[in-house]
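What the coordinates show
Read off the chains here:
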Amino acid sequence: MRAFAIALWATALAEALPAHAQLPPAIELSWQAPDGCPDEAQVRAEAARALGTAPATSSPLVAEAQVERSGEGYVLHLRTRFEGKLGERRLEARDCHALMQSVTLVLGVLLGAEPSPEPAPAPALDPVPAPAPAPAPVPVPAPDEPTTAEPPRRPRPFALLLGAGLQLALMPEPAFLGLFGAELRLGALALGAQVQGSQPTEQQPATGVATRMAGLGGALLACYRWPVTSMALGLCAGARAAALRARGEGPAIDPSAAVAPWYALFAGADLTWPRDAVLGLRLWADAAVSLARPRFVVQGVGEVHRVPPVVGQLGLGLVWSP
């Protein structure tokens, strides 16, 4: 009978202890807790015992558990990542060992596995005093639904620009500028075309003589934009051309008008806020190097204006991305 009892005790002990104190391949667990709590090896052994039959998954369940003292009890912060979803839970208990069991329960719910009950104690060979009753189980709140990570913003492939600003140095005085444009976006690169018109400016180069100048043209440009917080910073370059029209008025002046072409290469920068939105604001500034410099001469007065080598633009507009 004594040999039979020893064999029975050995069999029960073998069933109660896990073959390996290792987690199933589906779980990656880290545990940090103050003194007096189970260490990480004990938590891993408990999870390996309770979830040893967890089903196989395409990606592991990553869990990070951190326990802190709170008054006379403990607080557990548990963060999980499973199948592309993030989750975070906060559990409280007076007993740190109860939090260890709560971690096992939460991991089992996420994996769809039912944790195994604690094994029955091995039968004693000699009579021993009855163990003290186990403490009442700490209620574990139902796990929250894992939070999903925010999807990346999808760049909008097409945009329209309506803006206004100042045309500097192209005409004798700074002129109001109106602009309409469109752009095609290829990732961070944008290819655009614009139509621009300048408000007529007037001056009096001599007594009794007045001149009016205006311009109408367009531009082709390419911009590369980087995200900067909620904005997009762009560097642009391209070519611009315009037809400049001048007209002189006075008692001894032929009132006919003259038109001359102007074209240039330009570079600049812009700032769009908010980026990748349906409707946003864009601020831009650029400088253009004149490849043609028209001269406007009034009979009897002489040259009244010649386009300088470098001209500029400043503007603010609305960007609509349907």
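Up top is the structure these notes are about.
For the structure given in this document, a descriptive report is provided here. (Residues numbered from 1 in each chain as written. Predicted model: local features only at pLDDT ≥ 70, side-chain atom pairs only at ≥ 80, totals over all residues. Heavy atoms only, no water.)

1. Section: the overall build of the protein
- When helices and strands are tallied, the protein shows three helices and 15 strands.
- Looking at the protein residue by residue over its 322 residues, the buried ones come to 35%.
- Excluding contacts between residues fewer than 6 apart, the proportion of contacts in the protein whose partners are at least 24 apart in sequence is 59%.
- Of the roughly 18900 Å² that the protein leaves accessible, carbon and sulfur atoms contribute 62%. (Helix = DSSP H or I, 4+ residues; strand = E, 2+ residues; numbered from the N terminus. Buried < 20%, exposed > 50% of the residue type's maximum accessible area, 1.4 Å probe, protein only. Contact = heavy atoms within 4.5 Å. Areas by Shrake-Rupley, 256 points an atom, 1.4 Å probe, with all protein chains shown as cover.)

2. Some thoughts on the state of the cysteines
- For the structure shown, the criterion picks out two disulfides.
- At a sulfur-sulfur separation of 2.0 Å, the disulfide partner of cysteine 37 is cysteine 96. Between cysteine 37 and cysteine 96, the disulfide has an S-S torsion of 115 degrees and is therefore right-handed. Of this pair, cysteine 37 sits in the loop between strand 1 (27-32) and helix 2 (40-50) while cysteine 96 sits in helix 3 (residues 96-111), and the two are 59 residues apart along the sequence.
- Residue class for cysteine 37 comes out buried when judged on its relative accessible area of 13%.
- The disulfide partner of cysteine 223 is cysteine 236, and the S-S distance across this bridge is 2.0 Å. What sets the handedness of the cysteine 223 and cysteine 236 disulfide is the S-S torsion sign, and at about 115 degrees it is right-handed. One end of the pair, cysteine 223, is in strand 9 (residues 209-228); the other, cysteine 236, is in strand 10 (residues 231-249), with 13 residues separating them in the sequence. (Disulfide = S-S within 2.5 Å.)

3. Re the sheet that holds strand 12 (residues 279-290)
- Pairing is antiparallel in the closed barrel, where eight strands are placed in the order 6-7-8-9-10-11-12-15. Across the sheet, the mean angle separating the axes of adjacent strands is 25 degrees when strand polarity is ignored.
- With 14 bridges joining them, strand 8 (residues 189-206) and strand 9 adopt antiparallel strand pairing. Residue glutamine 203 lies in a different strand from strand 9, and its bridge partner there is threonine 211. (Pairing = 2+ DSSP bridges. Axes fitted to C-alpha atoms, helices over the stretch in contact; angles between N-to-C directions.)

4. Some remarks on unusual backbone geometry
- The step from tryptophan 273 to proline 274 runs through a cis peptide bond, and the omega angle for that step is -10 degrees.
- Unlike most non-glycine residues, alanine 169 shows phi in positive territory, near 75 degrees.
- Taking the relative accessible area as the measure of exposure, alanine 169 reaches 30% and is therefore partly exposed.
- Positive phi, close to 55 degrees, is recorded for threonine 229, a residue that is not glycine.
- With respect to the element layout, threonine 229 can be found in the loop between strand 9 and strand 10.

5. A closer look at the pattern of salt bridges
- Inspection of the entire model under this criterion finds twelve salt bridges.
- Here arginine 225 ties to glutamate 183 by a salt bridge, and the two come within 3.4 Å at their closest N and O atoms. Of the two residues, arginine 225 sits in strand 9 while glutamate 183 sits in strand 7 (residues 175-186), which places them 42 residues apart along the sequence.
- Judged by relative accessible area, glutamate 183 falls into the buried class, the value being 9%.
- Between glutamate 183 and arginine 282 there is a salt bridge, with the nearest N and O atoms lying 3.3 Å from each other. In this pair, glutamate 183 is assigned in strand 7 and arginine 282 in strand 12, connecting sequence segments 99 residues apart.
- Salt bridges here are not isolated pairs; linked through shared partners, they connect Glu183, Arg185, Arg225, Asp270 and Arg282. (Salt bridge = Lys/Arg side-chain N within 4 Å of Asp/Glu carboxyl O.)

6. What about helix 3?
- Taking 1.5 Å of rise per residue, 16 residues should cover 22 Å, and helix 3 covers 23 Å from first to last C-alpha, within 8% of that figure.
- With respect to burial, helix 3 is a largely interior element, twelve of its 16 residues being buried.
- Residues of helix 3 that are buried include every one of Cys96, Ala98, Leu99, Met100, Ser102, Val103, Thr104, Val106, Leu107, Gly108, Leu110 and Leu111, and no others.
- Next to the buried residues of helix 3 lie strand 1, helix 2, strand 2 (61-70), strand 3 (73-82) and strand 4 (85-93). (Expected span 1.5 Å × (residues − 1).)

7. So, the side chain of glutamine 203
- Positionally, glutamine 203 belongs in strand 8.
- A distance of 3.3 Å separates a polar side-chain atom of glutamine 203 from the backbone oxygen of valine 304. (Polar contact = N/O pair within 3.5 Å; in protein donor to acceptor, adjacent residues only side chain to side chain.)

8. Considerations on the side chain of threonine 201
- Structurally, threonine 201 can be placed in strand 8.
- Overall, the relative accessible area of 10% leaves threonine 201 in the buried class.

9. What about the nonpolar core?
- Counting 27 residues, the largest nonpolar core has Trp31, Val67, Leu76, Leu99, Val103 and Leu107 as the members making the most contacts within it.
- Taken together, the elements giving at least two residues each to this core come down to strand 1, helix 2, strand 2, strand 3, strand 4 and helix 3.
- Per-element accounting of this core gives the leading share, nine residues, to helix 3.
- Apart from the residues lying within four places of it in its own chain, the contact partners of leucine 76 are Trp31, Ala65, Gln66, Val67, Arg89, Arg90, Leu91, Leu99 and Val103.
- Membership of the second largest hydrophobic core comes to 22 residues, among which are Ala246, Trp262, Phe296 and Val311. (Core = buried A, V, L, I, M, F, W, Y, C linked by side-chain atoms within 4.5 Å.)

10. Describing the environment of glycine 73
- Tracing the backbone shows glycine 73 in strand 3.
- With 21 residues separating them along the chain, glycine 73 and arginine 94 place their C-alpha atoms 3.9 Å apart.
- Not counting the four nearest positions on each side in its chain, glycine 73 is found in contact with Glu68, Ala93 and Arg94.

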